[in-house]
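Residue strings, one per chain:
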Amino acid sequence: MTQYEAIIGLETHIQLNTQTKIFCGCKADSWDDAPNTNICPVCSGLPGSLPVPNAAVVAKAVRLAKAMQADIQAESYFDRKNYFYPDLPKGYQITQYDKSIATGGHMDVPMPDGSTRRVGIHKLHMEEDAGKTRNEKGRRLIDFNRCGVPLIEMVTGPDLRSADEAAEYLIRLRQLLRWLDISEADMEKAHLRTDANVSIRVRGETHLNTKTEIKNVNSIESLRAAVEKEIARQIQAYEAGERIEAWTLDWDENAQTLRKMRSKETEADYRYFKDPDLLAVRLEPAWLEGVLADFPELPLARRARFIEQYGLPEYDANILTSERSLSDYFEAAAAAYAGDVKRVSNWMMNDVLKLLNERGLEAGQLKLRPEQLAEIIQLVDANTINTPTGKSLLEKVQDSGHSPQEIVAAEGLSQVSDSGALRELAEKIIASSPDNVEKYRAGKDSLIGWFVGQLMRESQGKADPNAARAILEELLKG
Ligand code: ZN
Ligand code: MN
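Residues numbered from 1 in each chain as written. Chains lettered and ligands numbered in written order. Predicted model: local features only at pLDDT ≥ 70, side-chain atom pairs only at ≥ 80, totals over all residues. Heavy atoms only, no water.

Some thoughts on the coordination of the zinc ion (ligand 1)
Coordination of the zinc ion (ligand 1) by the protein comes from C24 (SG), C26 (SG), C40 (SG) and C43 (SG), over a distance range of 2.3 to 2.4 Å. Geometry at the zinc ion (ligand 1) is tetrahedral, judged from its 4 donor atoms and the angles of 101 to 114° they form at the metal. Sequence positions of the residues that donate to the zinc ion (ligand 1) give the spacing C-x1-C-x13-C-x2-C. Here C26, found in the loop between strand 1 (4–15) and helix 1 (55–67), pairs with C40, found in the loop between strand 1 and helix 1; they are 14 residues apart in sequence, far enough to count as distant. We classify C26 as buried; its relative accessible area is 11%. (Donors = N, O, S within 2.8 Å, 3.2 Å for Na, K, Ca; no water. Tetrahedral: all angles 85-135°; square planar, octahedral: opposite > 155°, others 65-115°. Helix = DSSP H or I, 4+ residues; strand = E, 2+ residues; numbered from the N terminus. Buried < 20%, exposed > 50% of the residue type's maximum accessible area, 1.4 Å probe, protein only.)

This is the structure in C-alpha cells:
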C-alpha cells in the first residue's frame, strides 16, 4: 500500500432544511408522510404550472458558499438537465450548470494525525431532488413527495488521499451544515448522499488515472469501508496487469461489497439548457448583507480559539465544538465562572453531556442555564457542597427550575465540614463496628474506605469526604 496513493473526490447532495420545496409551496420534509401527499401541479410536473424560486434555499446556498470561502455570484441561472426516468415527472431536473451560485472555494479538514488537508470545492450549486420509485409485489410504485425538495450539490476536487480522509471530510461537513442550520444532515434519512470517485497511482506520480465512482453509501462508516475496498481492488488489479475501467459501483450495505452498475450517461446526453421558466438569480447587495449579517464563527475556528484562549486540550475543544449550542453553552458558563476554565470543561464533558444524552436534549434546550452550571461548580470549589451533591444538583435545577442556592438552602445540602459534627459521626461509627476497627488496627488500611462510606451515608451524603477521612484516621489510630 505505501507504494501507492489513493486519489479521492466526493460528490455530496445535501438536503436543505427549509420549510417548503425549492419551486413550490409544498412541505419539504415528508419523511413521515404517506406517498404522494406533499405534491402539487408544480412539483409533479403538470403542464402549464410554473416554478417560483424559494429565497430560503438561495440564502442557505449563500451561507454554505461563504463557509467554503467560495466566490458568491451576483448572477446565476437555473438549467434543465434532461433525462427520462419514472421518478422525474417533468422529464428534466432543474439544476444549475454553467453559471451556478458560487465558484471556487475550499474546506480545510483537520485529520486525526494533526495534519490539515485542504479540499478544493469544484462545484456548489442548487437543484431540485427527484422522486422515489419502489418495487412491491411485481409492481413499480412512484412517490413524488421528494420531487422538488431543495438540494445543494457540492463536489470536491480529487484532494483526499485515503478512506479515513474521505470520512473526516464528511464528518466535518455534517458538523458544519448543522452549525449553519443549512441541513439536519441526518444520513439515515438521506439528507447527505455521497458518491466517491476513486483512483490510485504510484506515489510520486502526478497524473490522474482512470477513476471509478461508488454510489449509494449512506453512512460515514459505509463510505470508509467502500472506499477502502475499492482502493484495495484497484491495487490488486494494477499489480495483476489489468486495466482499471471507469465503472460505476454500487455499495451493498448488507453484503459490504461493491457491485458493478450500469455505465453512466455522459454530460452531453443531458442536453443542458437554461430553464426558460425561471429568471436569473440576482442577489441584491442589501439582501446578501442581511443573509450574511449573523454569519457565525465556524466550528474549526472556534475549536482553535478554545485551545488558544482557554488553554483547553485539543480533545476537549473538539468535543465542546462538536455542536454549536454546546459551544455557546460552554462559553457562557466559562464567562460566568471564576477559576480555571478546564474545570468547566470537565463538568461539561462528563456531567452536562450525560444529562443531555439521558434527556435527548441539545445544550440550547436545557433549563439549567450556563450561569447556574458555573454557580454549582463554584459551590463545590468553595466546599459549600461536596462533588456528588454538585452533580445531583444539575438534575435538580434542570427539573425544578429553581436556582442552585435555593435548592441547597431548601434541602439542607450544605456540606458538613464542621469538625465537631464530623467527629461526632465518626465516633458513632467506630463505636458500632468493633470488628472492622480491630481489623483496621491490625493493618488492613484499605478499610478506611468503608469507614468513609459509612460516614457519608450517615450524613446523607453531605459530609466533606476529605475532612471525614482525616478525622476517621485520627480516631482509628488513637
Ligand atoms: Zn409542490
Ligand atoms: Mn445532482
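With respect to the packing of aromatic side chains
Enumeration over the complete set of coordinates arrives at 10 aromatic pairs. Here Y270 and Y272 contribute two aromatic rings whose centre-to-centre distance is 6.0 Å and whose plane-to-plane angle is 70°, an arrangement assigned as edge-to-face. Ring geometry for Y310 against F330: centres 5.4 Å apart, planes inclined by 85°, an arrangement best described as edge-to-face. Taken together, the residues span a long stretch of sequence, with Y310 in helix 5 (residues 299–310) and F330 in helix 7 (residues 324–336) at a distance of 20 residues. Of the two residues, Y310 and F330, both sit in the buried class. (Phe/Tyr/Trp six-rings, centres within 6.5 Å; stacked < 30°, edge-to-face > 60°.)

Looking at the coordination of the manganese ion (ligand 2)
Those donors, H13 (NE2), E127 (OE) and E153 (OE), are the protein atoms that reach the manganese ion (ligand 2), and they lie 2.0 to 2.1 Å from it. For the manganese ion (ligand 2), all donor residues lie on one chain, and their spacing in sequence is H-x113-E-x25-E. Pair noted here: H13 is in strand 1 and E153 is in strand 11 (residues 150–156), with a separation of 140 residues, a long-range link.

Overview of the pattern of salt bridges
Taken as a whole and judged by the stated rule, the model has 35 salt bridges. One salt bridge connects K27 with D33, and the closest N-O pair in it is separated by 3.0 Å. By relative accessible area, D33 is classed as partly exposed at 27%. The partner of D108 in a salt bridge is R118, and the shortest N-O contact between them spans 2.8 Å. With D108 in strand 7 (residues 106–110) and R118 in strand 8 (residues 116–128), the pair connects residues that are 10 residues apart, well separated along the chain. (Salt bridge = Lys/Arg side-chain N within 4 Å of Asp/Glu carboxyl O.)

A word on the domain arrangement of the chain
Much of the literature gives interface size as the accessible area that the parts lose upon coming together. Each assigned domain of the chain is listed with its residue range as follows: domain 1 (4–290), domain 2 (299–411) and domain 3 (419–477). Spacing between the C-alpha centres of domain 2 and domain 3 amounts to 33 Å. (Domains from an automatic or database assignment.)

Quick notes on the pairing of strand 12 (residues 192–202)
The buried count for strand 12 comes to 9 of 11 residues, which makes it a mostly enclosed element. Bridge count between strand 1 and strand 12: 11 bridges; the pairing is antiparallel. For T12, the partnering residue across the bridge sits in strand 12 and is T194. Bridging between strand 12 and strand 13 (residues 212–217) involves 4 bridges; their strand directions are antiparallel. Of the residues in strand 13, the one forming a bridge with N197 is E213. (Pairing = 2+ DSSP bridges.)

Notes on the state of the cysteines
Taken as a whole and judged by the stated rule, the model has 0 disulfides. C43 provides the cysteine sulfur closest to C147, a residue in no disulfide bond, and the two sulfurs are 6.7 Å apart. (Disulfide = S-S within 2.5 Å.)

Some details on the nonpolar core
Core analysis: the biggest nonpolar cluster contains 72 residues, and L64, M68, L124 and Y169 have the highest contact counts within it. Excluding residues that lie within four positions of it along the chain, Y169 makes contacts with L10, T12, M107, V109, V119, I121, M154, T156 and L160. Y337, M349, L356 and L366 belong to the second largest nonpolar core, which has 35 residues in total. (Core = buried A, V, L, I, M, F, W, Y, C linked by side-chain atoms within 4.5 Å. Contact = heavy atoms within 4.5 Å.)

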